[in-house]
Amino acid sequence: MRIISGKYRGLKLADFDGDAVRPTADRVKESLFNILMGKVAGADVLDLFCGSGNLGIECLSRGAASVHFNDASATSIGILKKNLIRLKDEPTCKVTNLDFSVCLARAGRFDLIFIDPPYRMEAGVQALKIIGEKSLLNDGGVAVLERDRSFSGEINGLNVTDERKYGKTYLTFFEKV
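Note that the coordinates shown come from a computational prediction; the quantities given were computed from them, not determined experimentally.

(A) Representation of the pattern of salt bridges in the model. What the rule picks out here adds up to 7 salt bridges. The salt bridge involving Arg149 is made with Asp148; its shortest N-O contact spans 2.8 Å. By relative accessible area, which is 30% here, Arg149 ends up partly exposed. The exposure class of Asp148 is partly exposed, given its relative accessible area of 36%. Across the salt bridge formed by Asp162 and Arg164, the nearest N and O atoms sit 2.9 Å from each other. When its relative accessible area of 35% is taken as the criterion, Arg164 is described as partly exposed. Each of Lys29, Glu58 and Arg62 takes part in one network of salt bridges that share partners.

Right, dumping it as structure tokens:
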């Protein structure tokens with residue numbers, strides 16, 4: 001796992017032992033950031049199920065104004081902190097170790113929200129419902145759901161604007177209504 005572009009390009013991130021965490025593959029991450037081109041620089045970002053911080057650190061590398069990293073797993077937060085220490089300068093970030101619903105209840109508004117829960121959980125759709133209800137996306141903002149199947153249904157306050165499949169991974173993009 002490495003940072004693909006920006007000021008931390010090539011930085012290798014600390015990995016998890018075992019298979020408890022499934023980081024976004026480099027190929028999928030590269031495609032994701034090609035789609036989001038022009039939306040990252042200056043953005044306020046929430047990496048809701050951050051794991052190692054792979055997506056949020058990529059955003060910092062590409063010029064995001066701030067990143068709020070959250071994960072319910074203390075192990076994930078430990079790996080994230082190891083990765084943040086590797087950054088050359090002091091990034092503007094916040095780290096919380098909360099259940100996603102508690103994090104969203106306390107959250108402000110964001111330009112980008114990454115929702116990449118463990119595939120066995122249905123937390124992604126639940127998180128989107130809270131994001132839509134609380135209007136947590138700024139105008140022009142994007143929420144990205146990563147999971148192992150296509151999204152179907154509707155989320156009050158959000159519209160699906162795109163969906164892409166990469167192997168077994170689906171990325172679904174949502175914008176505020």
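Here the narrative resumes.
(B) Region of the structure containing helix 1 (residues 26–35). Inspection of helix 1 places Val28, Lys29, Leu32 and Phe33 among the buried residues, and these make up the whole buried set. Seen along its axis, helix 1 keeps its buried residues to an arc of 130 degrees; they face one direction. Looking at the packing, one finds that the buried side of helix 1 touches helix 2 (54–61), strand 4 (110–115), strand 5 (137–147), strand 6 (158–166) and strand 7 (169–176).

(C) Inspection of the environment of Leu80 at higher detail. Summarising the element assignment, Leu80 is placed in helix 3 (residues 74–85). On the basis of relative accessibility, which here comes to 0%, the residue Leu80 falls in the buried class. Put simply, Leu80 and Ser52 are 28 residues apart on the chain and 4.5 Å apart in space, counted from C-alpha to C-alpha.

(D) Representation of the side chain of Asn54 within the structure. As for its position among the elements, Asn54 is in helix 2. Looking at Asn54, its side chain comes within polar contact range of the main-chain oxygen of Thr24, at 3.1 Å. Sequence-distant contacts of Asn54, that is, excluding residues within four places in its chain, are made with Met1, Arg2, Ile3, Leu13, Pro23, Thr24 and Lys29.

(E) Focus on the pairing of strand 6. The pairing of strand 6 with strand 7 spans 8 bridges and is classified as antiparallel. Bridging across to strand 7, Tyr166 finds its partner in Thr169.

(F) Summary view of the nonpolar core. Formed by 30 residues in total, the largest nonpolar core has its most connected members in Leu32, Leu36, Cys59, Leu112 and Phe114. Of all elements in the fold, only helix 1, helix 2, strand 2 (66–70), helix 3, strand 4, strand 5 and strand 7 reach the threshold of two or more residues within this core. Broken down by element, this core gets its largest block of residues, 4 residues, from helix 2. Among residues more than four places away in sequence, those in contact with Cys59 are Phe33, Val40, Val45, Ala64, Val67, Leu112 and Phe114. Formed by 23 residues, the second largest nonpolar core is a distinct cluster that contains Ala107, Ala127, Leu128 and Ala143.

(G) Layout of the packing of aromatic side chains. Tallied over the entire structure, the rule returns 3 aromatic pairs. A centroid spacing of 6.0 Å and a plane angle of 45 degrees characterise the contact between Phe33 and Phe114, whose relative ring orientation is tilted. Of this pair, Phe33 sits in helix 1 while Phe114 sits in strand 4, and the two are 81 residues apart along the sequence. We note that Phe33, like Phe114, is buried. Between Phe49 and Phe100 the ring centres are 5.5 Å apart and the planes differ by 40 degrees, which places this aromatic pair in the tilted class. Taken as a pair, Phe49 in the loop between strand 1 (44–47) and helix 2 and Phe100 in helix 4 (residues 100–106) lie far apart in primary sequence, 51 residues in all.

(H) The arrangement of the sheet that holds strand 5 in detail. Across the sheet, which stays open at both edges, the 7 strands sit in the order 3-2-1-4-5-7-6 with mixed pairing between neighbours. The sheet is open, and its two edges are formed by strand 3 (93–96) and strand 6, each paired on a single side. Taking each pair of neighbouring strands and ignoring which way they run, the sheet shows an average axis angle of 15 degrees. Bridge analysis of strand 1 against strand 4 gives 3 bridges, and the strand direction is parallel. The residue bridging Asp47 from the neighbouring strand is Phe114, located in strand 4. Sitting on the sheet, helix 3 is in contact with strand 2 and strand 3, with an inclination near 160 degrees to strand 3.

Analysis parameters
- Residues numbered from 1 in each chain as written.
- Predicted model: local features only at pLDDT ≥ 70, side-chain atom pairs only at ≥ 80, totals over all residues.
- Heavy atoms only, no water.
- Salt bridge = Lys/Arg side-chain N within 4 Å of Asp/Glu carboxyl O.
- Buried < 20%, exposed > 50% of the residue type's maximum accessible area, 1.4 Å probe, protein only.
- Helix = DSSP H or I, 4+ residues; strand = E, 2+ residues; numbered from the N terminus.
- Arc of directions from axis to C-beta.
- Contact = heavy atoms within 4.5 Å.
- Polar contact = N/O pair within 3.5 Å; in protein donor to acceptor, adjacent residues only side chain to side chain.
- Pairing = 2+ DSSP bridges.
- Core = buried A, V, L, I, M, F, W, Y, C linked by side-chain atoms within 4.5 Å.
- Phe/Tyr/Trp six-rings, centres within 6.5 Å; stacked < 30°, edge-to-face > 60°.
- Axes fitted to C-alpha atoms, helices over the stretch in contact; angles between N-to-C directions.

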